[in-house]
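Single-letter residue listing:
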Amino acid sequence: MDDSTGSHLSVVVDLSPTQWHLSGHSSNAYPLALNSFLSQLLVFLNAHLASKHENTLAVFGAFPGKSVMLYSSIDQESDTTMQMDSNSYLAFKVVDSVIVRKIRGELDALMDNEEEAPCGLVGALTKALCYVNRVALASTISSDNASQPLEAASPTDPRILILSVSPDLTTSYIPIMNAIFSAQKLKVAVDACQIYGTDSVFLQQAAHLTGGSYISLERRDALLQYLIMSFLSPPSIRKVLSVPTQDRVDFRAACFCHKNIIDIGFVCSVCLSIFCQPVPVCSTCRTKFPIKTLQRLNASKPLLSQTNGSVQRTPSSSQPPTPSRTGSVAPSASTRNGDTTSYQLPHSASIGQGGSNGANGTRQGSG
């Protein structure tokens, strides 16, 4: 990265009141309340701005049912209610006051709702990507304009940090995968930190596919240390640093019919939509499949049987199991174009990259 340019950081903060109430409950081994989280987050944001004068910052809040931009260092808002303090740095105080004031206002507006809507994490991530694209376009225009001074150049090396406390929302699988592919095209690293709850399947894939880092906190009381040691350095500097990496990544996908995360599914050979069971008509591309194909797939579909309290998959007695190699597409039988095929789910990065010529292992035909 050039010394004359800075680094842009967009932070997506999960602000679900229910999940933060559970995170701060005293029954947890390391409880972390929302007010303690915000105090540590503001220190991290100020550290990013203090690392380099040219660094820029944008903060997006994911509230129940909506997403809001909380702060932007490029489009700063004047806070007339803020009082001057000689013992604090003005730039840091502006960041703290603006973010806290907007979060308090949004949470107060949510008190009237009896039922909490799903968290708008995908909407906040999409807004962050649009903002990064805007910053990149401004950087390109300023570099092409020779008469513009160097101080007006926009920062490069953008990245997005997602701080989540909510579990995966299976209905948002398609939008979040589209956001991941957009981040890949923009060359934006997506970092993710799961502060509370189980590991997020979608955030693991987002960090892995974009070259970012994913961390699930073991000690929530050491949040600030995790943030500074893992996410403060920009991607260009991480090449010479030892940043946390993922030993194992969960690449499971969500079916398009019931929005459940599945291990084995049936993929439409036309549009590559994933289903947990054979369907007569693809709900995405409306392709109709022959009855004989559905009968054959139902006969060869693995059956779930309970053995000693554990679930095991046993092949149907009407057809021997088809051996498959790990990581490869293994159809149960050769099918024509327009038929569904039983697959061991491939790498998530391959979803959406196939064409209309059918998946691997299919034979083209008129049907």
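Residues numbered from 1 in each chain as written. Predicted model: local features only at pLDDT ≥ 70, side-chain atom pairs only at ≥ 80, totals over all residues. Heavy atoms only, no water.

Identification of the protein chain as General transcription and DNA repair factor IIH subunit TFB4 from Armillaria novae-zelandiae is taken from an unreviewed UniProt entry. According to the UniProt record, the Sequence similarities (unreviewed entry) comment for the protein chain reads "Belongs to the TFB4 family." The annotation that UniProt attaches to the protein chain under Subcellular location (unreviewed entry) is "Nucleus". (UniProt positions renumbered as here; feature names shortened; annotations may be inferred.)

Taken residue by residue, helix α8 (residues 291-300) has Thr293, Leu294 and Leu297 as its buried positions. Taken down its axis, α8 places every buried residue within 100° of arc, on the same side. Away from its buried face, by an angle of more than 90 degrees, α8 presents the exposed residues Ile291, Lys292 and Gln295. (Buried < 20%, exposed > 50% of the residue type's maximum accessible area, 1.4 Å probe, protein only. Helix = DSSP H or I, 4+ residues; strand = E, 2+ residues; numbered from the N terminus. Arc of directions from axis to C-beta.)

Here we have 6 strands laid out as an open sheet, ordered β3-β2-β1-β4-β5-β6, and mixed in their pairing. In this open sheet, the two edge strands, each paired with only one partner strand, are β3 (66-72) and β6 (214-216). Taking each pair of neighbouring strands and ignoring which way they run, the sheet shows an average axis angle of 15°. Judged from the 7 bridges that link them, strand β1 (residues 7-14) and strand β2 (residues 56-63) form a sheet pairing that is parallel. Its bridge partner being in β2, Val13 is matched across the sheet by Gly61. Of the strands in this sheet, β1, β2 and β4 (156-164) are in contact with helix α2 (residues 34-51), which crosses β1 at around 170°. (Pairing = 2+ DSSP bridges. Axes fitted to C-alpha atoms, helices over the stretch in contact; angles between N-to-C directions. Contact = heavy atoms within 4.5 Å.)

A few words now on the packing of α2 against helix α3 (residues 90-110). Relative orientation of the contacting elements α2 and α3 amounts to 145°, with a least axis distance of 10 Å. α3 is crossed by α2, and the crossing has right-handed handedness. Along its contact with α2, which presents Leu34, Leu38, Leu42, Leu45, Asn46, Leu49 and Ala50, the element α3 presents Phe92, Val95, Asp96, Ile99, Val100, Ile103 and Leu107. Among the residues forming the contact of α2 with α3, the class breakdown is 12 nonpolar, 1 polar and 1 charged. (Left-handed = near helix turned anticlockwise from the far one by under 90°. Nonpolar A, V, L, I, M, F, W, Y, C, P; charged D, E, K, R; others polar.)

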